[in-house]
Amino acid sequence: IHEKACRLVLFGGNGDLSYRKLLPALFNLERKELLAADLRIIGCSRAQLSDETFRAEAMEGLCENATADPKELPEVAERFLQRLSFVTLDANKEDDYQQLKQVIGDPAEKGCVIYYLATPPGLFVPICQQLQAAKMVNQQSRLVIEKPIGYNLKSSIDINDKVASIFEENNIYRIDHYMGKSAVQNLLALRFANLMFEPLWNHNYIDHVQITVSESVGVGNRKSFYDNVGALRDMVQNHLLQLVALIAMEPPTHLTPEALKHEKIKVFRSLRAIEGKRTRYNTVRGQYSAGEVDGKKVPAYNHEGENPEASNTESFVAIKADIDNWRWSGVPFYLRTGKRLKSRYAEIDIQFKNIHHSIFKLPTQANRLIIRLQPKDSIKLVIMNQEPSLSGALNLVSDPLNLSFYDQYEPADIPKGYERLLYDSIIGDSTLFMSRFEVEEAWKWTDTILAGWDEFDVPVEFYPAGSMGPDAAEQLLAKDGRKWFNNQ
Ligand code: BG6
């Protein structure tokens with residue numbers, strides 16, 4: 001049994017992530033009465049903010065991003081805002097930590113404090129070292145770090161090693177907010193709480209898998225940050241590979257953090273390396289040019305931000321991945337993700353093989369399981385069906401069996417990714433977080449792609465904002481006689 005945290009310190013507390021995702025998620029937990037009375041939330045960064053200004057800015061963030069309107073819940077909003085305070089802190093300045101320590105109070109040395117680093121990975125180690133030097137870390141202190149952990153395998157090992165010398169591994173929560181999404185957790189229930197899918201879940205019956213995470217937003221003001229990252233590091237190394245792992249893994253022995261992580265790592269180890277020239281055939285890098293999204297004209301990637309500098313960073317990536325193991329041999333996993341695409345949606349398509357023999361003199365379409373992760377989570381199983389007809393003419397159509405989470409459950413009760421994960425970190429449940437070995441195995445795979453891109457000067461292919469990516473992404477599947485499903 002883990003102790004509940006009584007202090008949550010948000011480094012990068014007035015940043016975009018905090019206002020858009022973290023504080024709204026915490027507010028939802030407040031609304032559901034899941035926050036203990038003594039939990040205090042302390043934002044910190046270099047900004048000179050008073051508690052009042054921080055609360056006011058947080059409130060603005062809640063109004064824009066929380067599931068429920070805080071203005072309609074004044075008592076809940078007030079209770080929540082009273083938990084917040086702000087400390088101005090330069091992550092590299094020793095003295096500033098003394099002030100933070102004072103604000104945390106007694107728990108800084110004895111209680112369970114969560115340090116949530118919503119900062120670039122370059123600050124992870126300096127912050128941990130300062131916390132240790134200030135005697136603010138004990139056996140119960142928890143550390144939450146955001147992806148990407150590092151910039152490549154080497155830097156992630158370096159971060160993991162240094163952080164491990166300060167926090168115990170079971171107190172390090174490496175967050176991937178995709179693991180907090182209800183529809184993502186439901187992949188476990190779908191596969192392992194039903195009898196009917198698992199016997200078919202292998203190369204005998206599955207033709208291929210597609211995973212699409214399509215975003216309509218651009219990089220906007222984050223361009224200078226994003227220029228050093230790109231879609232492969234920002235999305236594939238973590239979110240998309242976590243989805244691959246949940247789809248491809250063997251049944252874990254138990255639903256424990258260790259068992260789950262063990263199975264995910266095995267998937268990462270089975271990913272065939274995409275090296276050297278193969279990067280040209282198996283991957284596509286893309287970057288958006290100017291275009292129109294949701295009826296609005298938007299600039300090209302290179303004209304985003306205040307100080308735009310031309311860069312060849314990829315804002316889109318498509319990959320054909322192979323998993324070299326008994327279950328998945330010969331079943332490609334096609335992954336794609338990009339910004340400024342036509343619409344925002346994330347989906348996993350499991351394309352089954354067609355029937356072996358048909359008694360109909362009509363074509364049949366193979367079954368497909370469509371798992372919609374967002375928006376509006378749903379699961380559709382596309383089956384062949386006979387269209388009712390008076391004339392008796394046989395007409396086969398492919399129709400979905402449809403489970404919409406939004407119709408089945410109260411939408412406000414479906415937790416957002418960060419809500420679930422913040423709650424888990426407060427109660428000390430690390431099941432949905434990543435172990436260092438998962439992160440490192442995932443880096444190994446993406447590092448070889450990055451090296452291939454470098455070595456062979458793989459260019460970015462341009463795509464107009466508002467499209468579904470460059471033509472080369474279509475070609476990637478066309479070479480195998482397949483097409484992307486575009487079920488916006
Ligand atoms: C983040 C990436 O991890 O995920 C962002 O850094 C991206 O670039 C975001 O926009 C997407 O998350 P979601 O939950 O909106 O799909």
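Criteria and cut-off values
- Residues numbered from 1 in each chain as written.
- Predicted model: local features only at pLDDT ≥ 70, side-chain atom pairs only at ≥ 80, totals over all residues.
- Heavy atoms only, no water.
- Helix = DSSP H or I, 4+ residues; strand = E, 2+ residues; numbered from the N terminus.
- Contact = heavy atoms within 4.5 Å.
- Polar contact = N/O pair within 3.5 Å; in protein donor to acceptor, adjacent residues only side chain to side chain.
- UniProt positions renumbered as here; feature names shortened; annotations may be inferred.
- Buried < 20%, exposed > 50% of the residue type's maximum accessible area, 1.4 Å probe, protein only.
- Salt bridge = Lys/Arg side-chain N within 4 Å of Asp/Glu carboxyl O.
- Pairing = 2+ DSSP bridges.
- Axes fitted to C-alpha atoms, helices over the stretch in contact; angles between N-to-C directions.
- Near = heavy atom within 4 Å.
- Areas by Shrake-Rupley, 256 points an atom, 1.4 Å probe, with all protein chains shown as cover.
- Nonpolar A, V, L, I, M, F, W, Y, C, P; charged D, E, K, R; others polar.
- Parallel < 35°, antiparallel > 145°, perpendicular 65-115°, else oblique.
- Left-handed = near helix turned anticlockwise from the far one by under 90°.
- Phe/Tyr/Trp six-rings, centres within 6.5 Å; stacked < 30°, edge-to-face > 60°.
- Lys NZ or Arg CZ within 6 Å of the ring centre and 35° of its normal.
- pLDDT = per-residue confidence, 0-100.

Examining the environment of T431
Tracing the sequence through the fold places T431 in the loop between α13 (417-427) and α14 (436-455). The sequence separation of T431 and T337 amounts to 94 residues, and the corresponding C-alpha distance is 26 Å. Every residue in contact with T431, bar those within four places of it in the chain, is listed here: L255, T256, P257, L260 and K261. Only 2.6 Å separates the side chain of T431 from the side chain of D429, close enough to count as a polar contact.

A few points about the UniProt feature "active site" (unreviewed entry) in the protein chain
Under the feature "active site" (unreviewed entry), the UniProt entry names H239. Inspection of the secondary structure puts H239 in helix α9 (residues 230-248). Under the relative-accessibility criterion, H239 is labelled buried at 2%. Not counting chain neighbours up to four residues away, the residues in contact with H239 comprise K147, D176, H177, Y178 and D234. Within the local environment of H239, its side chain forms a polar contact with the side chain of D176, the two groups lying 2.7 Å apart.

Observations regarding the environment of R222
Positionally, R222 belongs in the loop between β7 (206-214) and α8 (223-227). A C-alpha to C-alpha distance of 24 Å links R222 and M179, two positions 43 residues apart in sequence.

A short note on the pattern of salt bridges
Tallied over the entire structure, the rule returns 31 salt bridges. K162 serves as the salt-bridge partner of D158, at 3.2 Å between the closest nitrogen and oxygen. Residue D158 and its partner K162 are located together in helix α6 (residues 153-164), separated by four residues, close to a single helical turn. Assessed through its relative accessible area of 34%, K162 is described here as partly exposed. The partner of E169 in a salt bridge is R174, and the shortest N-O contact between them spans 3.0 Å. In the salt-bridge network here, residues are joined through shared partners; they are R191, E198, E250 and R327.

Focus: the sheet that holds strand β2 (residues 40-45)
Strands sit in the order β3-β2-β1-β4-β5-β6 across an open sheet of six strands; the sheet is parallel. For this open sheet the edge positions go to β3 (84-88) and β6 (172-175), each flanked by a neighbour on one side alone. For this sheet the average axis-to-axis angle between neighbouring strands, irrespective of direction, equals 20°. Running over the sheet, helix α4 (residues 94-104) touches β1 (7-11), β2, β3 and β4 (113-117) and is turned about 165° from β3.

Concerning the site of the ligand
Around the ligand sit 13 residues in total, of which K147, Y178, K181, E215 and D234 are the nearest. In the environment of the ligand, an oxygen atom lies 2.7 Å from a nitrogen or oxygen atom belonging to the side chain of H239. Side-chain polar atom of R344 to an oxygen atom of the ligand: 3.1 Å apart, as the coordinates give it. Burial of the ligand by the surrounding chains reaches 86%, relative to a free accessible area of 400 Å². If one sorts the elements of the shell around the ligand by residue count, α9 sits on top with three residues. Among the residues forming the shell around the ligand, the class breakdown is two nonpolar, three polar and eight charged.

Concerning the pairing of strand β12 (residues 333-338)
Where burial is concerned, most of β12 is hidden: six out of the six residues are buried. Residues of β12 alternate between two faces, with F333, L335 and T337 on one and Y334, R336 and G338 on the opposite face, all of them buried. Judged from the six bridges that link them, β7 and β12 form a sheet pairing that is parallel. Across the sheet, the residue bridging to S214 is G338, located in β12. In terms of strand pairing, strand β11 (residues 316-321) meets β12 through six bridges, oriented antiparallel.

Looking at the packing of helix α10 (residues 257-270) against α14
For the pair α10 and α14, interaxial distance at closest approach is 9 Å and the crossing angle is 10°. Comparing their axes, α14 and α10 come out roughly parallel. Seen from above, α10 lies across α14 with left-handed handedness. For the pair formed by α10 and α14, the contact residues are K261, K264, I265, F268 and R269 on the first element and F437, E438 and E441 on the second.

Notes on the packing of aromatic side chains
One pass over the structure, following the stated rule, counts 14 aromatic pairs. Geometrically, the ring pair formed by Y115 and F167 is edge-to-face, given 6.4 Å between the ring centres and 70° between the ring planes. Residue Y115 is located in strand β4, and its partner F167 is located in the loop between α6 and β6; the two are separated by 52 residues in the primary sequence. Residue F167 is classed as buried on the basis of its relative accessible area of 2%. Among the aromatic residues, ring-to-ring pairing joins Y226, Y288, Y301, F316 and Y463 into one connected group. Looking at R233, its charged tip hangs above the ring of Y151, at a distance of 3.7 Å from the centre. Of note, R285 hangs over the ring of W453, and the distance from its end group to the ring centre comes to 4.8 Å.

Examining the confidence of the model for the protein chain
Close inspection of predicted coordinates is inappropriate in any region flagged by low pLDDT. Counting all residues, the mean pLDDT for the protein chain is 94, and 99% of those residues have values of 70 or more. Reported for the predicted complex are a pTM of 0.94 and an ipTM of 0.99.

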